[in-house]
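Spelled out from the first residue to the last, the chains are:
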Amino acid sequence: MSYDIKPWREGTLAENLASAGVSRRDFVKYCAGLAAIFAVGTPEMAHAAPAQKAAEELADKLGAITKPNVVWLQLQECTGCMESTLRSGGTTVEEVVLNLLSVNYNELVMAAAGEAAEKALEETNAREHILVVNGSIPTKDGGIYCTIGGKSAEQVLQESAKNATMILAVGACAVYGSVQAAKPNPTGAVGVDEIIKDKQVINVSGCPPIGEVITASLTYILTHGKAPEVDSEGRPLFAYGQRIHDSCPRRPHFDAGQFVRTFDDAGAREGWCLYDVGCKGPSTFSPCPIVQWNLKSGWPIGAGHPCIGCTERDFYDRFTPFYDKLPNIPGFGVEATAEKVGLGLTGAVASGVAVHAGITAARAAADRKATKNSPMAAFGDNAVGGENNSLNEDATSDKQNSEAK
């Protein structure tokens, strides 16, 4: 079904959606998806209200807002984050909501150009508004590497941030600079929070972030009138509150010691854990396994490719080469290693997880000793070894567990 989208000039969002032909039922369904995202990284929110009630409440709050002023900047970036947002679900309701919410200024997708676009930006900057930023800010050589209308990206950002009530840095470029900030960082690229120091910057990380996470972050601000709770990296906890590793459908293979060694081996065909071919899921915080992409049709690990950790700060410098395994720490096992790498940068305490990892490894070793004809043999987990047997290093594992104790 197609809707007649008209510019939002007055009235509430619900009234404008209704005039466009969006039914209450479709709007509530859309809000149900957002409510589910809010509960991803904060389990206590999942039990705060039944799903239908939560969707209804969110629909009431979101539908009641009057036209927000939104400035959406595209600085030094590839437009991938906006592509992700526009294709967040492919549903007409989302397109209508996005078109209505970002009507003030978005250089990439707005019809106006040149002086007309600049005028729209100046008029919106003069009022209170929500600022969304895609792209990094080059600081070397006077910022000549990214200019808009004769102004440097830093000047454009400073002017738009002055009257902003909320600031969202969307995508790895806006959060810390991403690939262009990788060593040796020739343009001096930095993230938004390196330029804007006097206001909170909400970091929606990823390269690009999942579209629904972007829209959910904006919706949270609109419906709650405040910033969401964030982690030490400034990321919304509802989306970045848990590791990919914790919800990954391949996690049982990790615990069983079943790892893909090469991309064309039997383990790869059986969907085993991708840790040994470079998966950074154990040190990456993102809702990818739960929300997924393109109407939950897939995600990188589901397609057989290891996570590259793109939601983490400096991922390009820290996690390359992408197909190398995360470093190992003797005595604890690979899970504790990944936990130390990932959580050490976010201020979390890894000791409890390290203990858990040691116990898990010890139990796995005991189970392997208990029987050579494990039921897992049916899945290629043979106790006597073999090309794709990832549990054939009992002696080393036992020694490490002994040292850990």
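This is a predicted model, so every value here is computed, not measured.

K.L.:
What is the right way to look at the packing of helix α4 (residues 51-64) against helix α10 (residues 211-224) in this model?
P.N.:
Between two packed helices, what matters for the description is the angle formed by their axes and the separation of those axes. As a packed pair, α4 and α10 sit with axes 8 Å apart at the nearest point and diverge in direction by 75°. Put simply, α4 runs roughly perpendicular to α10. Seen from α4, the contacting residues are L58, K61 and L62; seen from α10, they are T219, L222 and T223. Within the contact of α4 with α10, the residues separate by chemical class into three nonpolar, two polar and one charged.

K.L.:
I would appreciate a short explanation of empty space enclosed by the protein in the present structure.
P.N.:
Once rolled over the atoms, a probe with the size of a water molecule shows which space is left empty. Scanning the model with the defined rule gives four cavities of 30 Å³ or more in all. Quantified by volume, the largest cavity comes out at close to 90 Å³. Along its surface, the largest cavity is lined by 13 residues, and H245, C248, C273, C279 and I301 are the ones closest to its centre. Across the lining of the largest cavity, the residue classes break down as nine nonpolar, two polar and two charged.

K.L.:
Is there a simple way to think about the packing of aromatic side chains in this case?
P.N.:
Each pair of aromatic rings is reported with the distance of its centres and the angle of its planes. Considering all chains together, one arrives at 11 aromatic pairs under this definition. Seen from their ring centres, F315 and F322 are 6.2 Å apart, and the 20° between their planes marks the pair as stacked. Residue F315 is classed as buried on the basis of its relative accessible area, which comes to 2%. Each ring, one from Y316 and one from F322, has its centre 5.7 Å from the other, and the planes form 80°; the classification is edge-to-face. An aromatic cluster is defined as three or more aromatic residues linked by ring pairs; in this entry it consists of F38, Y220 and F238.

K.L.:
Honestly, the pattern of salt bridges in this entry has me stumped. Any pointers?
P.N.:
Should their charged atoms come close, side chains of opposite charge can pair. Following the criterion strictly, the structure yields 13 salt bridges and no others. Note that K151 is salt-bridged to E159, the shortest N-O span being 3.0 Å. Classification of K151 as partly exposed rests on a relative accessible area of 21%. With relative accessibility at 33%, the residue E159 sits in the partly exposed group. A salt bridge links D255 to R251; the shortest N-O distance between them is 3.1 Å. On the criterion of helical spacing, the pair formed by D255 and R251 is a turn pair, its members being four residues apart in helix α13 (residues 251-256). Classification of D255 by relative accessible area gives partly exposed; the value is 33%.

K.L.:
How should unusual backbone geometry be read in this particular structure?
P.N.:
A cis amide bond links C207 with the next residue in sequence, P208, at an omega value of -5°. That bond from T320 to P321 is cis: its omega, -5°, falls within 30 degrees of zero. Here P321 shows up in the loop between α16 (315-319) and α17 (334-343). One non-glycine residue, Q292, lies in positive phi territory at about 60°. Structurally, Q292 can be placed in the loop between α15 (288-291) and α16. Taking relative accessible area as the criterion, Q292 reaches 16% and is therefore assigned buried.

K.L.:
Would you mind going over the environment of I202 with me for this structure?
P.N.:
Positionally, I202 belongs in strand β9 (residues 201-204). Separated by 70 residues in sequence, I202 and V132 place their C-alpha atoms 9.5 Å apart. With near-sequence residues (within four places) excluded, I202 lies in contact with I167, L168, A169, I221, A227, P228, G234 and P236.

Cut-offs used in this document
Residues numbered from 1 in each chain as written. Predicted model: local features only at pLDDT ≥ 70, side-chain atom pairs only at ≥ 80, totals over all residues. Heavy atoms only, no water. Axes fitted to C-alpha atoms, helices over the stretch in contact; angles between N-to-C directions. Helix = DSSP H or I, 4+ residues; strand = E, 2+ residues; numbered from the N terminus. Parallel < 35°, antiparallel > 145°, perpendicular 65-115°, else oblique. Contact = heavy atoms within 4.5 Å. Nonpolar A, V, L, I, M, F, W, Y, C, P; charged D, E, K, R; others polar. 1 Å grid on protein atoms, 1.4 Å probe; cavity = no way out; pocket = protein on both sides within 12 Å on 5 of 7 lines; lining within 4 Å. Points joined across faces, edges and corners; volume = space filled by probe spheres on them. Phe/Tyr/Trp six-rings, centres within 6.5 Å; stacked < 30°, edge-to-face > 60°. Buried < 20%, exposed > 50% of the residue type's maximum accessible area, 1.4 Å probe, protein only. Salt bridge = Lys/Arg side-chain N within 4 Å of Asp/Glu carboxyl O.

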